[in-house]
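# Chains, contacts and geometry: an overview
One letter stands for each residue in the lines below.
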Amino acid sequence: MPGRILIVDDERSMCELIQTDLRLRGFTPCYCTSADEALQTLQGAEFDVVLTDVRMPGTSGLQLCQQVATNRPDLPVIVMTAFGSLETAVGAIRVGAYDFVTKPIELDLLALIVARAVRHRQLQEQIQLLRRAVQQRAGTAEMIGDSPAMQSLYDQLARLADSETSVLITGESGTGKELVARAILAQSRRSSGAFVAVNCAALPEMLLESELFGHTRGAFTDARADRQGLLLQAHGGTLLLDEIGEMPLAMQAKLLRALEERKVRPVGGDRDVPFDVRLLSATNRDLEVAVEEQRFREDLYFRINVIQVDVPPLRARETDVLLLARHFLQQFALRSGKNVTGLADTVAPRLLAYSWPGNVRELRNVIERAVALTRYDKIVVEDLPEKIRDFRASQVVLGSDDPTELVSLEEVERRYILHVLNAAADNKTTAARILGLDRKTLYRKLKHYGVEEADLNGS
């Protein structure tokens, strides 16, 4: 069983003796002749076991053991001592030693203790991996889908598990951004902490400030008692700012200051209160465009967008449509007590052909409606809304054989951009990706063509 061993002893001859013996037994040992040197070595390399003498000039072996136990609790430390008294052994265990061995060293016994410590470390690593796998599975358990787009999302969420940094979750309305936020929480170190969410679009500025920061009694007309804000309620946990793109500019400045100082002052208060939260934000807006239009602060954008997670729209998850439909069908059939067991063969092609501008939320509503209306044990085409029954994928006609009907290349581009924007439900980020443009270029083209929001909605 291989293992990387760091030997620490101020007697070089002892280090060389143990190093030679452990190397012959298949371990990978190296040594340091002081505790301070060992601490520096541990900062730049990985080891499975530390084997240290107790009495050394300067920092002692017990002090080294204590520092390793504090900073690297996963790394077992074996203490060697020439003073094999019970008191020394108990002192070593109390400061975090995994085991101890007395001098003069019996090399066979030492090798057995080292091998056991290496096995302990490896088992702990496996347990951590299994625990993390369980957390990841639990975190994404409510997320349905096995399409390539969702597999990529699952992979990104797994890589966020150990991170404490701010995350911006982007995606169209109805894609399940809050579900993604909960998955991030479930896989994080703060999974047992509070999860607090607020919809920034649902509250006027004054109420939003009070909701986030709290207020003192008498701060405004209806403030009859002190109230703790959400930033403090989420202390030690996670705060989700949903629809952050709708937050008023003045409120953005106050939020930025609170995030940078890690302190919050309640409305009407006269002192700052520290808080510790992990910030998740979500939006269906293109915040880069909002920054260019000066509707969103650039400094706040960079503060919340350390890592960006893009939730794919349902039209990019074609293989998940039927999977989600059957999941919702079982859910609503059970809830309503109706014996609806599946989809008729003619229903699947209609569901797959539709573009789902409302994404997963729209599909969920369609299936709930169908379960409520159906008179059979399977959902049939007649149970679907008319827009889905009669849906036909639109086509852009670029021209005809009649020269009088032909248009310029610029007009063709304008029409196609409008078509893509319409298909993308006016989401500029998605449209830019489809067109192969960056968002700034798309924004400039729209300005060049004089396209307004009304044009997009009516295109």
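To keep things clear, this report deals only with the structure shown in the data block. (Residues numbered from 1 in each chain as written. Predicted model: local features only at pLDDT ≥ 70, side-chain atom pairs only at ≥ 80, totals over all residues. Heavy atoms only, no water.)

### Description of the nonpolar core
Put simply, the rule reads: By convention a nonpolar core is built from buried Ala, Val, Leu, Ile, Met, Phe, Trp, Tyr and Cys residues, the set being connected through side-chain atoms within 4.5 Å. Partly exposed describes any residue whose relative accessible area lies between the buried limit of under 20% and the exposed limit of over 50%, with all areas from a 1.4 Å probe on protein chains only and scaled to the type maximum. For helices the rule is a DSSP run of H or I covering at least 4 residues; for strands it is a run of E covering at least 2, with both sets numbered from the N terminus onward. In this analysis, two residues are considered to be in contact whenever any of their non-hydrogen atoms come within 4.5 Å of each other.
Core analysis: the largest hydrophobic core is formed by 32 residues, its most contacted members being Leu 212, Leu 239, Leu 241 and Phe 296. Secondary-structure elements contributing two or more residues to this core are strand 7 (195-199), helix 8 (205-213), helix 9 (230-233), strand 10 (238-242), helix 10 (249-261), helix 11 (287-292) and helix 12 (298-304). Here this core takes 5 residues from helix 10, the largest share from any one element. Those residues in contact with Leu 241 that sit more than four places away from it in its chain are Val 198, Cys 200, Leu 212, Leu 255, Leu 279, Leu 280, Ser 281 and Ala 282. Counting residues in hydrophobic clusters, the runner-up holds 28 residues, among them Ala 348, Ile 379, Val 380 and Val 381.

### Thoughts on the pairing of strand 6 (residues 167-170)
Quick note on the threshold: When DSSP finds two or more bridges between a pair of strands, those strands are recorded as paired.
Residues of strand 6 alternate between two faces, with Val 167 and Ile 169 on one and Leu 168 and Thr 170 on the opposite face, all of them buried. Both strand 6 and strand 13 (residues 278-283) contribute to a ladder of 4 bridges, which runs parallel. When the bridges of strand 13 are listed, Val 167 appears paired with Leu 280. Bridging between strand 6 and strand 14 (residues 307-310) involves 4 bridges; their strand directions are parallel.

### Regarding the pattern of salt bridges
Stated precisely, the cut-off is as follows: Salt-bridge detection follows one rule: a side-chain nitrogen of Lys or Arg within 4 Å of a carboxyl oxygen of Asp or Glu.
Counting across every chain of the model gives 28 salt bridges. Its salt-bridge partner being Arg 190, residue Asp 276 comes within 2.8 Å of it at the nearest N-O pair. Residue Asp 276 is located in the loop between strand 12 (273-274) and strand 13, and its partner Arg 190 is located in the loop between helix 7 (177-186) and strand 7; the two are separated by 86 residues in the primary sequence. With relative accessibility at 33%, the residue Asp 276 sits in the partly exposed group. Arg 439 is the partner of Asp 286 in a salt bridge, and the nearest nitrogen-oxygen pair spans 3.5 Å.

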